[in-house]
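Working through the structure, step by step
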Amino acid sequence: MIITEERYVIATTEFPLEFEDGYGNTVWDIKDAEKYASIELANERLNNYDDHAKSRFRLMKLVVSYEF
């Protein structure tokens, strides 16, 4: 059985990608990234960034799979 769900992360717009960890830091490993349950929650967090920082980041959708 496979269950999938969508999550969202805040990532840098340029490569190599870095991800926001929920505390305002960037991390290299996506396992350490903050995963938001909806695009609205991720957007709300991104809208708290100042304009300069906001231009460096984008929202990315993840599809997380669990296999039993």
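Residues numbered from 1 in each chain as written. Predicted model: local features only at pLDDT ≥ 70, side-chain atom pairs only at ≥ 80, totals over all residues. Heavy atoms only, no water.

1. What about the overall build of the protein?
For the protein, the count of helices and strands is 2 helices and 4 strands. Along the protein, helices and strands appear, N-terminal first, in the series β-β-β-α-α-β. In terms of overall dimensions, the protein has a C-alpha envelope of 45 × 25 × 20 Å along the principal axes. Taken over 68 residues, the protein has a buried fraction of 29%. Across the protein, contacts joining residues at least 24 apart in sequence account for 62% of those joining residues at least 6 apart. Carbon together with sulfur atoms contributes 51% to the accessible area of the protein, which is approximately 4,900 Å² in total. Side-chain charges in the protein split into 8 positive and 14 negative, and the spacing between the mean points of these groups amounts to 2 Å. (Helix = DSSP H or I, 4+ residues; strand = E, 2+ residues; numbered from the N terminus. Buried < 20%, exposed > 50% of the residue type's maximum accessible area, 1.4 Å probe, protein only. Contact = heavy atoms within 4.5 Å. Areas by Shrake-Rupley, 256 points an atom, 1.4 Å probe, with all protein chains shown as cover. Lys, Arg positive; Asp, Glu negative; His and termini not counted. Charge placed at Lys NZ, Arg CZ, Asp CG, Glu CD.)

2. Considering the pattern of salt bridges
Between side chains of opposite charge, a pair can form as their charged atoms come close. Enumeration over the complete set of coordinates arrives at 3 salt bridges. Glu6 serves as the salt-bridge partner of Lys61, at 3.5 Å between the closest nitrogen and oxygen. A residue pair is termed long-range when its members are at least 10 positions apart, and Lys61 in strand β4 (residues 57–67) and Glu6 in strand β1 (residues 2–12) qualify at 55 residues. Its relative accessible area of 40% is what places Glu6 among the partly exposed residues. (Salt bridge = Lys/Arg side-chain N within 4 Å of Asp/Glu carboxyl O.)

3. A look at unusual backbone geometry
Backbone phi values are negative for most residues with the exception of glycine, while trans is the configuration of most peptide bonds. Following Phe15, the chain continues to Pro16 via a peptide bond in cis, the omega torsion being -5 degrees. Along the polypeptide, Pro16 turns up in the loop between β1 and β2 (19–20).

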